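Remarks on the overall topology
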Amino acid sequence: ALQIGHDLGAALMTARALERERNLVRELQQLADYRTQLIATLSHELRTPLSVISGNLEMLGELDLEHPATQYREAMARGTGRMAKVVDDLLLLARVSDPRHPLERTPVDLRLVAEDVLALVGSSARSKELTLRVELGDEPLLVPGDPTELDRLVANLVSNAVKYTGSGGTVVVAAARRAADVVLQVGDDGLGISEEDQIGLFSPFFRTTNPDALSQPGTGLGLSIVATIVERHHGRVEVSSRVGVGTTFTVTLPVA
Ligand code: ADP
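Below is a summary of the structure that appears in this document. Quantities reported herein were computed from a predicted structural model and do not represent experimental measurements.

A look at empty space enclosed by the protein
- Inspection of the entire model under this criterion finds one cavity of 30 Å³ or more.
- By volume, the largest cavity amounts to about 30 Å³.
- Forming the walls of the largest cavity are Arg35, Thr36, Ile39, Leu93, Ser97 and Pro204.
- Secondary-structure elements contributing two or more residues to the lining of the largest cavity are α1 (2-63) and α2 (70-97).
- Top element by residues in the lining of the largest cavity is α1. It accounts for three residues.
- Residue composition of the lining of the largest cavity, grouped by class: three nonpolar, two polar and one charged.

Spelled out as structure tokens, the structure:
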């Protein structure tokens, strides 16, 4: 009887511990949902007044280019532009973080995505006299996924490489099929990221402590968007970097 009582007591304790754990998981999930919802609502609410401000600033600009207040208007337009970028990134992060938002799964050719992105960064790369090395092969590199999200994933990595590499540097964009995956690499010989900074790299709003990198405009949301999109596509993202030498991001996305 003593043994049975003992076993029963142990079983009860395990059941209680399990129940506590389940409650904790539920609470954490509710908090995560709340955070996503809050970000989505706030950024949505901010988007409309921001469009009104930038629309009006644009109209003011058309009125009189010689007006002495032009410089103030231009400063306001730059500020609003930066704010709009933060709000757009937040909206996107909220959208891709929302588990109720289903992932579209159409065949997307990463080679074409990379080519489109490269065309977009072409002028800023040229103005910094960067060498763009492109190794994409001739075959389509199809992965099932959301075309807009995959475009954003590649765009964020490539624009970072261009942004954080000094004049005369090299940016490499390579992609190839490896067994059941497509592997995309975006490398540069730019500023690099310290080991300490690599720890927080994919968290929302993370920006480095490197003053040269901080002198570039940014929201600290780009890589958290990258990580969330990769996760939704059941892939992996890794970084390898050394300060003053360069950085390579490797994204592995399953083909099936
Ligand atoms: P943002 O570029 O808007 O600051 P990201 O989330 O894209 O935000 O990047 C976070 C930080 O990681 C950047 O502030 C920068 O310091 C660092 N970083 C990202 N990509 C690179 C890169 N290719 N080379 C050096 N640093 C980088």
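More follows now that the structure is in view.
Digging into the packing of α2 against helix α7 (residues 222-232)
- It is the contact of α2 with α7, at a shortest axis distance of 10 Å, that shows an interaxial angle of 20 degrees. If you check the angle between α2 and α7, you find them roughly parallel. Here the hand of the crossing between α2 and α7 comes out left-handed. Along the contact surface, α2 presents Asp89, Leu92, Leu93, Val96 and Ser97, while α7 presents Ser224, Ile225, Thr228, Ile229 and Arg232.

Conventions and cut-offs
Residues numbered from 1 in each chain as written. Predicted model: local features only at pLDDT ≥ 70, side-chain atom pairs only at ≥ 80, totals over all residues. Heavy atoms only, no water. 1 Å grid on protein atoms, 1.4 Å probe; cavity = no way out; pocket = protein on both sides within 12 Å on 5 of 7 lines; lining within 4 Å. Points joined across faces, edges and corners; volume = space filled by probe spheres on them. Helix = DSSP H or I, 4+ residues; strand = E, 2+ residues; numbered from the N terminus. Nonpolar A, V, L, I, M, F, W, Y, C, P; charged D, E, K, R; others polar. Axes fitted to C-alpha atoms, helices over the stretch in contact; angles between N-to-C directions. Parallel < 35°, antiparallel > 145°, perpendicular 65-115°, else oblique. Left-handed = near helix turned anticlockwise from the far one by under 90°. Contact = heavy atoms within 4.5 Å.

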